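Residue strings, one per chain:
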Amino acid sequence: MSASVLKTSVNNKSPEFEKNTRKVIDLVAQIKNEEEQICQGGGPKAIESQHKKGRLTARERLKKLVDSGTHFTELGVFAAYEMYEDWGGAPAAGTITGLARVCGRTFMIIANDATVKAGAFFPMTAKKVIRAQNIAIENHIPTIYLVDSAGVFLPLQEDVFPDTDDFGRVFRNNAVMSAMGIPQLAAIMGMCVAGGAYLPLMCDHILMTEGSGLFLAGPALVQAAIGQKTSAEDLGGAKMHSQISGTVDFREPDDEACIQRIRALADKMGAPNPTPFSRVASREPLYPSSELYGVFSSDPGKQYDMREIIARIVDGSEFEEYRAEYGETLLCGYARIGGWAVGIVANQKKNVQTTAPGSDQKRMEFGGVIYTESAEKAARFIMDCNQNRIPLIFLHDVNGFMVGKDAEWSGIIRAGAKMVNAVSNSVVPKIAVICGGSFGAGHYAMCGKAYDPRFIFAWPTARYAVMSGDAAASTLAEIKLKQLEREGKRVDEKAKKELYDSVRATYEHQTDPRYAAARLWVDAIIDPAHTRDVLTTALEAAALNPEIPEFKTGVLQT
């Protein structure tokens, strides 16, 4: 069988390549250093306090739970980044979530970090747990909860308690997952109080370690409410729940024994249903993934060939490009990643000389911009992937849709609506990677967060907003200047520049991928060189859900 092997023209000795490499590696190092700091949780004193109770920290538990020699794909590590600083912060939102192998099988792991405010639920904690559950629901991933939480963080209870994406949704999701037949195991390895006590009770298996507590109200609250004095052990200890209430299935002496029991139960679960997606033996790309650092340019004024990126991600660097000579600012094509068949939709960052529709006139199309022809091509390609049960990968570096009279006359809004329709109604797994910019309606068309990607990842070079920093800063600064002028205030050139710089700095901060990750707009910030591995893990998880609904688009603008 013939295949289209992507050729490379990259000069990895060129000054531009070396400059790009240094810039990206510096960003990656910065992200990794911050991740290491976040992974310290509440810090050395809080870790020591956990050990004095005879308990492991959440990360120590994970290390023993996950199969030796396998990688824990952490999601949401930057959740709550630079948030809740009035309360001392909440590293990783006080909980750890991610995909891991346990006894050879993929699980979603959700573990409270008791070193962060005793594992209390901040607003972003609830949202992070719900996001992990939603990923498990969409992909039918069995889930393990390691429970060690004091419950709701009371000073912020109004933002944790009542809404559809708040604390109560966690237990609703437990019930929905159980009804769907998605296995759930919960291990109470510390405190589990108040409404949080429902989480393990909604799961298939409940384990509890000695010294842990499970109760709707602790001893102090019980005494205040009904005047009854009792010890924590008598009220809701492991022995009581094992022998008297019959609430827990397994009572374990300590964390180590509990983890071994979880692994034993995971080992005996039934096999997952066969996947409907194509997979063959994986093959490495022809070119090293480390070259992604030098190939990619985060400079908005610089061009690069997105095919060079694809060549370092896909199996054998083979890419069957769809309508390669039409709508060239958007690349579409078939490939394999980690052996899985995928369809790829990627923004081309090279400017393209083409012929204007309906004439023989040449025109230049700008890289990173979606034109009418590229939108129509992508819509047709996405529908084809749905027809043939091929998961979709979106690689973002998009400025938006083309504007201007020529674009409007060509029907850009109609074509964009067609692409958005196809993305919205797509029923195969969709996974997005934001490599560079992801701005405005281009973000939507490329399967942004609002369009239900199974996973959404970002490189450290990602920028995520309604428009680019320079354009937004100019617009916002102009609005403020006109407001000042209406108020009768005169603004000299120096003040104008200071205003512009201030607005730009604020806006640039908000477009940083850490800002997005803090709010769970992206699931993880990943090292570009690890993109292939992360996508393979995501595809393996997505393949656990064998159900593909009928694909319907409704009315298409034609």
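Residues numbered from 1 in each chain as written. Predicted model: local features only at pLDDT ≥ 70, side-chain atom pairs only at ≥ 80, totals over all residues. Heavy atoms only, no water.

Colleague: Residues and numbers for the pattern of salt bridges, please.
Modeller: Counting across every chain of the model gives 27 salt bridges. Among the salt bridges present, the one from Glu48 reaches Lys52, with a minimum N-O distance of 3.6 Å. Note that Glu48 and Lys52 are positioned in helix 2 (residues 44-52) at a spacing of 4 residues, about one turn of the helix. The partly exposed category is assigned to Glu48, whose relative accessible area is 44%. Using a relative accessible area of 69% as the deciding quantity, one classes Lys52 as exposed. Here Asp255 ties to Arg61 by a salt bridge, and the two come within 2.9 Å at their closest N and O atoms. Taken together, the positions of Asp255 in helix 10 (residues 255-267) and Arg61 in helix 3 (residues 58-65) put the pair 194 residues apart, joining distant regions of the chain. This pair shows no difference in class: Asp255 is buried, exactly as Arg61 is. Look at the salt bridges and you will find they share partners, linking Glu34, Asp512 and Arg514 into a network. (Salt bridge = Lys/Arg side-chain N within 4 Å of Asp/Glu carboxyl O. Helix = DSSP H or I, 4+ residues; strand = E, 2+ residues; numbered from the N terminus. Buried < 20%, exposed > 50% of the residue type's maximum accessible area, 1.4 Å probe, protein only.)

Colleague: A description of the packing of aromatic side chains should follow, citing residues and the corresponding values.
Modeller: In this structure the tally under the stated criterion is 15 aromatic pairs. Note on Tyr322 and Phe381: the rings are 5.3 Å apart at their centroids and 50 degrees apart in plane angle, and the pair reads as tilted. Of this pair, Tyr322 sits in the loop between strand 9 (320-321) and strand 10 (330-337) while Phe381 sits in helix 13 (residues 372-387), and the two are 59 residues apart along the sequence. Here the aromatic residues Tyr84, Trp87, Phe122 and Phe153 are joined through ring pairs into a cluster of three or more. In this arrangement the basic side chain of Arg519 is found over the ring face of Tyr515, its NZ or CZ atom lying 3.5 Å from the centre. (Phe/Tyr/Trp six-rings, centres within 6.5 Å; stacked < 30°, edge-to-face > 60°. Lys NZ or Arg CZ within 6 Å of the ring centre and 35° of its normal.)

Colleague: Lay out the pairing of strand 10 in plain terms, naming residues and giving numbers.
Modeller: Within strand 10, 6 of the 8 residues are buried, leaving the element largely enclosed by the surrounding structure. Both strand 9 and strand 10 contribute to a ladder of 2 bridges, which runs antiparallel. When the sheet's bridge partners are listed, Glu321 is paired in strand 10 with Gly333. Summarising the sheet, strand 10 and strand 11 (residues 340-347) pair through 8 bridges and their orientation is antiparallel. Across the sheet, Ile337 pairs through a bridge with Trp340, a residue of strand 11. (Pairing = 2+ DSSP bridges.)

Colleague: Would you mind going over the nonpolar core in detail, with residue names and values included?
Modeller: Ile310 and Ile344 are the most contacted members of the largest nonpolar core, which has 71 residues in total. Apart from the residues lying within four places of it in its own chain, the contact partners of Ile310 are Leu6, Phe319, Leu331, Ile344, Ala346 and Leu395. By size, the runner-up hydrophobic cluster in this structure holds 54 residues, among which are Tyr81, Ala120, Met446 and Leu520. (Core = buried A, V, L, I, M, F, W, Y, C linked by side-chain atoms within 4.5 Å. Contact = heavy atoms within 4.5 Å.)

Colleague: Report on the packing of helix 13 against helix 15 (residues 412-425), specifying residues and quantitative values.
Modeller: It is at 8 Å that the axes of helix 13 and helix 15 come closest, and there the two elements cross at 20 degrees. Relative to helix 15, the element helix 13 lies roughly parallel. Crossing hand, helix 13 versus helix 15: left-handed. Residues Thr372, Ala375, Glu376, Ala378, Ala379, Ile382 and Met383 of helix 13 lie in contact with helix 15, whose contacting residues are Ile412, Arg414, Ala415, Gly416, Lys418, Met419, Ala422 and Val423. (Axes fitted to C-alpha atoms, helices over the stretch in contact; angles between N-to-C directions. Parallel < 35°, antiparallel > 145°, perpendicular 65-115°, else oblique. Left-handed = near helix turned anticlockwise from the far one by under 90°.)

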